[in-house]
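# An overview of the molecular structure
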Amino acid sequence: MLQTVLDADPVGDATSFRDTHLTAYRFMLLARMLDDKCAGLYRAGKIHGGVFIGRGQEALSVSIGLSLKKGDVFAPLIRDTAGRLAFGEPVVDALRTYLGSVLGPMRGRDGNVHRGRPKEGYLPMVSHLGAMVSVVNGTLFARRMKGVTGMVGATCIGDGATSTGAVHEAINQAAVEKLPLVLIVADNQYAYSTPTSRQFACRDLADRAAGYGVESHSVDGTDLSACLKVVGDAVARARAGRGPQMVVATLLRLCGHGEHDDASYIDPKLKASPVGRDCLKVAEEHLLRQKWADATALAALRGEIVREIEEAVAQVQREPTPDPFTEDWRAISTGHLNEGQEK
Amino acid sequence: MLQTVLDADPVGDATSFRDTHLTAYRFMLLARMLDDKCAGLYRAGKIHGGVFIGRGQEALSVSIGLSLKKGDVFAPLIRDTAGRLAFGEPVVDALRTYLGSVLGPMRGRDGNVHRGRPKEGYLPMVSHLGAMVSVVNGTLFARRMKGVTGMVGATCIGDGATSTGAVHEAINQAAVEKLPLVLIVADNQYAYSTPTSRQFACRDLADRAAGYGVESHSVDGTDLSACLKVVGDAVARARAGRGPQMVVATLLRLCGHGEHDDASYIDPKLKASPVGRDCLKVAEEHLLRQKWADATALAALRGEIVREIEEAVAQVQREPTPDPFTEDWRAISTGHLNEGQEK
Amino acid sequence: MSITYLEAIREAQAHALRDDPRVFIYGQDVGAFGGAFKATKNLAKEFPGRVIDAPISEDAMIGLAVGAAIEGMRPIIEMQFADFSTVGFNQIVNQAATLFWRTNVPCPITVRLPFGGTSGSGPFHSQSLETIYAHYPGLVVMTPATVEDAYSMLLEAVAIDDPVIFCEHKFLYYHLKAEKLPSEALPVGKARIAREGRDMTIVAYSAMVHEALEAAAELVPEGWEIEVVDLRSVKPLDTDTVMASVARTGRLLCVGEAWPWGGVTAEVIARVTSEGFGLLDVPPQRLNAKDTPVPYHPNLWTAHRPTARAVAAAARKLLRL
Amino acid sequence: MSITYLEAIREAQAHALRDDPRVFIYGQDVGAFGGAFKATKNLAKEFPGRVIDAPISEDAMIGLAVGAAIEGMRPIIEMQFADFSTVGFNQIVNQAATLFWRTNVPCPITVRLPFGGTSGSGPFHSQSLETIYAHYPGLVVMTPATVEDAYSMLLEAVAIDDPVIFCEHKFLYYHLKAEKLPSEALPVGKARIAREGRDMTIVAYSAMVHEALEAAAELVPEGWEIEVVDLRSVKPLDTDTVMASVARTGRLLCVGEAWPWGGVTAEVIARVTSEGFGLLDVPPQRLNAKDTPVPYHPNLWTAHRPTARAVAAAARKLLRL
Ligand SMILES: Cc1ncc(C[n+]2csc(CCOP(=O)(O)OP(=O)(O)O)c2C)c(N)n1
Ligand SMILES: Cc1ncc(C[n+]2csc(CCOP(=O)(O)OP(=O)(O)O)c2C)c(N)n1
Ligand SMILES: [Mg+2]
Ligand SMILES: [Mg+2]
């Protein structure tokens, strides 16, 4: 069963510390297994288009989801299954979007990672990299105008997306407006096949922050404890009114760009280095070492998650897919302003 | 008479140091007076559209023009009359473009500051701020491919243009490709009416450089000696293969955004502060103090420039303006691929 | 009292700001300065905190508007010139235009585009971009030709739940005057008969309506009565009104200031001929700008765009068919 | 040997790189990886230093190409998907497209846009953007429908001195095969009669040519001979060939995969009706995608775009008029 969004305080007392880790681990595992399930469905030809998973990025991603509260804004990117779940997205929403169920938030109109529920502060990404950051700014800007305080907006980009003009304009905009934006940069060493050496020439993407006058935080993206702390702190700072926060996490994409990609171009040295650690394994070892869980408990958890996912898949596969004849083919919300070739 | 582009070595021996200053001052004065002439023609209704002048920016701008050699690339912006002249643009080219002479480089098709001669490494700006930087990159990229070495490409942007995505993408691109780009940022405190406080939130625009991994240099844009040295150094470094160089100059726009704008919004405190000094006056005082020139020589120079400009205006005003009936209305260079409503 | 097209735009914004706390304006120099064309003059003072200067970041400006719209606000974005909207293009066509269709959450933003040619403005301050926006699903594209429409359509643009590209013609800003602002208006989506006639229909929009009207007046002494249809919005495009007019006149000339390939004039002719072929007595014709960038020099500019003289010449040719 | 549309594009690039030292390729993942669709597979190895990975900076990618073109190079820019060209839009339409007209210096760049719908690709990986580019002066817009044209037109795109938007249809990448690459080709600007017929003309381009051909085949048993014109390039658009065909058939149906408002189909109809009104026996018709973003789910996608069935249905209706 999914837990609702936590009021996470990763630097609180010991019990809450343990609980946060356990919750985080559960979401990470759920995300990993849900991603794997989608990959399997894709290979079985059940999913059209592509499947994009977050293998290796779960620790970072879950930390965002857990640091946010109801009322915050979250605009995840492609590798944020864990963060989405932790923010409160039900497992079925992912499957419904991948499988095109009309009961899903995108109703078969948009697919895979392009899902969200804007009215719940959960923004569905467009594909154009970098384009979501200023949209998050807009939600924060609007809330401030409406007198809402204490909220934050978080969004994620990859090392590759840092090269887009859109990201630059948006960080600068957030800085000028001193918006409570938390921008998570997942430097996972590659943008599709392109290594960071062909993407930027600065020492570290964190060096960008000073140029905007925003605070920046670096973190080992393979280490759940570190991610919970650093992301949690960044969110807390934004919430406290210290303006935009940038978090740069270092990790390695442990999968292809999408499930069509065998990622054979990834440098084996990186895989063997600390950056190539699997954050899920690291988190698991941490749990075991801290004796917060034992092998039996983890096996039980795994079993529980398998069932949860299988049930969700079975349910969604029975759900209706869109019907072009009953579909409302209108892109404009004001009925009479629609037009088209067919009336 | 205009001098050709100098092989400027501002840190050379004393004579060349003095000569460089004298040459620079002459171009600055010429630019100031040419700008003023255009402003006058505009007010007299002889120039259509707008007039955009570089008052207050001559020291910085001339330093670029003088630091470049034949074979370099220069993409000036709106306030670069001095740099254009120093790079070798004849006075008539400015007037021909403003007055729409068909003998000018833009043949009446484009106007005012949108002029250049691409084949001579002198790129005509489009209006879209930031868009020229990557074009300069492209010229440098191409030359490197062709085996040309030792050249640089310089371009200018304002404080406002630093907020464009285009500039971000282009600096990063230059850094990744390690191109000999010199990007001059003229922080003249305003973008049209918008003060820098609404444009960026970093301490100093020079703080952007580290985020791209490029070298950066700050300079007092009101001080010709400093500009010659700092810009000259930056150009030399780029030429020597140290990759892109950023120069951030601090100054104040001593005019309206265009000649239609009375600039009443400019903070009087800024005008009274050192940043508000007129670089031309500062340079003049320097010449006199150094005894490189005396009042008589300067008056003679002024007279000479008046004559030069008046002659050029008289000449250009007699030149033909475009004739729509003989005009070649084709946007495509391959004749038969043009089409249109009228054949 | 007499009020210009530009003042009407300012008044509409003042009205919207006054009536609806969800409205705000965001754009370069729109605050204390009042905008490059003074379309927001004094509004920042009158509505503190709601008329806000933006950095030179068109992409982020539109993105911010979309985010604010999601939160229920009704932002008005001023582009300094329509030409610069190409830098915010992606956010307009892929973010704003798709939001409702994808999520069922409407996107009530208004993007004001000061557009169209004026003498001496050149290739980058003169463009007519209604076509590239109208081509995309999910956008409403308004092109008011009168002071009254500038006012009432801008109010409606802000009021409706969809993203509106509001094309306000810079040539009309100061030239066009009305006695007073309207209290009633045709709804958006309805074209207007700007002048009645029986011999030919000229379909136009924005500044070209006035060239068409002038051409129609020029043809009166020659015995011709020209009907002029002002489209008002190019998307939706009121085919019915156009066809009803063509049914009366049997002749159709479409005039647009945009480039010739695939614009409003092509769309109008395609609709009329596919849906009302039999109404036409002679081939439909169109008149657009030339297929080059908009030239700087006035000599070239007046030859590049359709003028009343060119419209009258095209009309005469068509009347003789 | 059999060669796909995609391989033809790869071969054309290899050919251009081999023959002309001024050619280089720049785009995301085009280097060692060989591109998202493998259109540049092995080229980086074969042509060291000339097939270069770009950062995710579409604006700067085009800007760089323009600068290189000024210096006499002939860059090919690969957009990963046509949809992402909206982020480089400004540099294409305002920098590349205006250069020659403004300065008399040509701008020989080729921008490859993998475009058009495929099943499951959704609103941001399926767009057909030929219209927004064709609308601007200064660009050539090619839309090859066959393996042979993909090859020869890409060679010509690189060879000509003007900026070319090369729309290569992703749906055709693997589906379409030919026996061998052509050594001769129609010049760009000439349309092709893809199938001869006497009863009706269907004008189409890119993937829609194949839907039209399939529809034509479907109508043979019903006794109809449909002529299919493949436009090949939509700008310039070969009105003469279209009109000659309509002169033979008297009936015109235009089919495009792009959105309905103001695209290729409108332009074709506007031209034929204004220049060849008398050739038409019945009203011209057109068939486009629906006026919404391109849907993700295959059920919706196949209803959104014109298919052979839809084309045949529209044709039947027109034949009955
Ligand atoms: C503007 C734009 N250009 C190109 C693409 C195609 N694209 C999709 S994901 C991707 C790589 C992204 O890399 P990165 O930002 O590092 O994120 P990661 O996949 O590594 O998580 C590219 C090039 C896109 N979506 N948007
Ligand atoms: C993309 C874009 N947006 C808006 C404009 C309109 N515009 C022209 S100049 C200018 C201000 C530029 O300020 P800055 O970059 O500081 O240069 P300065 O005028 O101070 O020299 C603006 C907003 C433009 N030319 N391009
Ligand atoms: Mg990455
Ligand atoms: Mg400035």
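Above this text is the structure in question.
Residues numbered from 1 in each chain as written. Chains lettered and ligands numbered in written order. Predicted model: local features only at pLDDT ≥ 70, side-chain atom pairs only at ≥ 80, totals over all residues. Heavy atoms only, no water.

## Topic: the coordination of the magnesium ion (ligand 3)
Residues and elements named next belong to chain A. All of the protein donors around the magnesium ion (ligand 3) are Asp159 (OD), Asn188 (OD1) and Tyr190 (O); their distances to the metal are 2.0 to 2.2 Å. Of note, the magnesium ion (ligand 3) draws all its donor residues from one chain, in the sequence arrangement D-x28-N-x1-Y. Taken together, the residues span a long stretch of sequence, with Asp159 in the loop between strand E2 (153-158) and helix H6 (165-177) and Asn188 in the loop between strand E3 (181-187) and strand E4 (190-191) at a distance of 29 residues. Accessibility expressed as a relative area gives 5% for Asn188, which makes it buried. (Donors = N, O, S within 2.8 Å, 3.2 Å for Na, K, Ca; no water. Helix = DSSP H or I, 4+ residues; strand = E, 2+ residues; numbered from the N terminus. Buried < 20%, exposed > 50% of the residue type's maximum accessible area, 1.4 Å probe, protein only.)

## What about the site of ligand 1?
Neighbouring residues of ligand 1: 19 residues in total, closest Arg79(A), Gly160(A), Asn188(A), Tyr190(A) and Glu58(D). Mapping the residues near ligand 1 onto chains gives chains A and D. Separating a nitrogen atom of ligand 1 from a backbone N or O atom of Ser127(A) is a distance of 2.9 Å. In this structure, Tyr190(A) approaches ligand 1 through a main-chain N or O atom, which is 2.8 Å from an oxygen atom. For ligand 1, the accessible surface in isolation is 580 Å², of which the surrounding protein chains cover 96%. (Near = heavy atom within 4 Å. Polar contact = N/O pair within 3.5 Å; in protein donor to acceptor, adjacent residues only side chain to side chain. Areas by Shrake-Rupley, 256 points an atom, 1.4 Å probe, with all protein chains shown as cover.)

## Examining unusual backbone geometry
Omega for the peptide link from Lys235(C) to Pro236(C) comes to 0°, which places this bond in the cis form. As for its placement among the helices and strands, Pro236(C) is situated in the loop between strand E12 (233-235) and helix H9 (239-249).

## So, the coordination of the magnesium ion (ligand 4)
Residues and elements named next belong to chain B. For the magnesium ion (ligand 4), the protein coordination sphere consists of Asp159 (OD), Asn188 (OD1) and Tyr190 (O), at 2.0 to 2.2 Å. Written as a sequence motif, the donor residues of the magnesium ion (ligand 4) are D-x28-N-x1-Y. Owing to a relative accessible area of 8%, Tyr190 belongs among the buried residues under this scheme.

## What to know about the packing of aromatic side chains
Taken as a whole and judged by the stated rule, the model has 36 aromatic pairs over all chains. A connected cluster of aromatic rings, assembled from ring pairs, spans Phe89(C), Tyr133(C), Tyr136(C), Trp259(C), Phe89(D), Tyr133(D), Tyr136(D) and Trp259(D). Directly above the aromatic system of Phe33(C) lies the positively charged group of Lys38(C), at a separation of 3.4 Å from the ring centroid. Here the basic side chain of Arg305(D) rests over the ring of Phe171(D), its NZ or CZ set 4.9 Å away from the ring centre. (Phe/Tyr/Trp six-rings, centres within 6.5 Å; stacked < 30°, edge-to-face > 60°. Lys NZ or Arg CZ within 6 Å of the ring centre and 35° of its normal.)

## Notes on the sheet that holds strand E7 (residues 164-169) of chain C
Residue and element names in this part refer to chain C. Ordered in space as E3-E2-E4-E5-E7-E6-E12, the seven strands form an open sheet in which the pairing is mixed. In this open sheet, the two strands that pair with only one neighbour each are strand E3 (51-53) and E12. The sheet shows a mean angle of 20° between the axes of neighbouring strands, taken without regard to direction. Note: strand E2 (residues 23-27) against strand E4 (residues 74-78), five bridges, orientation parallel. From the neighbouring strand, Phe24 faces E4, where its bridge partner is Pro75. Packing of helix H6 (residues 147-159) onto the sheet brings it into contact with E2, E4, strand E5 (110-115), strand E6 (140-142), E7 and E12, and relative to E7 it is tilted by some 160°. (Pairing = 2+ DSSP bridges. Axes fitted to C-alpha atoms, helices over the stretch in contact; angles between N-to-C directions. Contact = heavy atoms within 4.5 Å.)

## Thoughts on the site of ligand 2
Taken together, 19 residues lie near ligand 2, and Arg79(B), Gly160(B), Asn188(B), Tyr190(B) and Glu58(C) sit nearest. Around ligand 2, the nearby residues trace back to chains B and C. Asp159(B) has a polar side-chain atom sitting 3.1 Å from an oxygen atom of ligand 2. Taking Glu58(C), its side chain carries an N or O atom lying 2.6 Å from a nitrogen atom of ligand 2.

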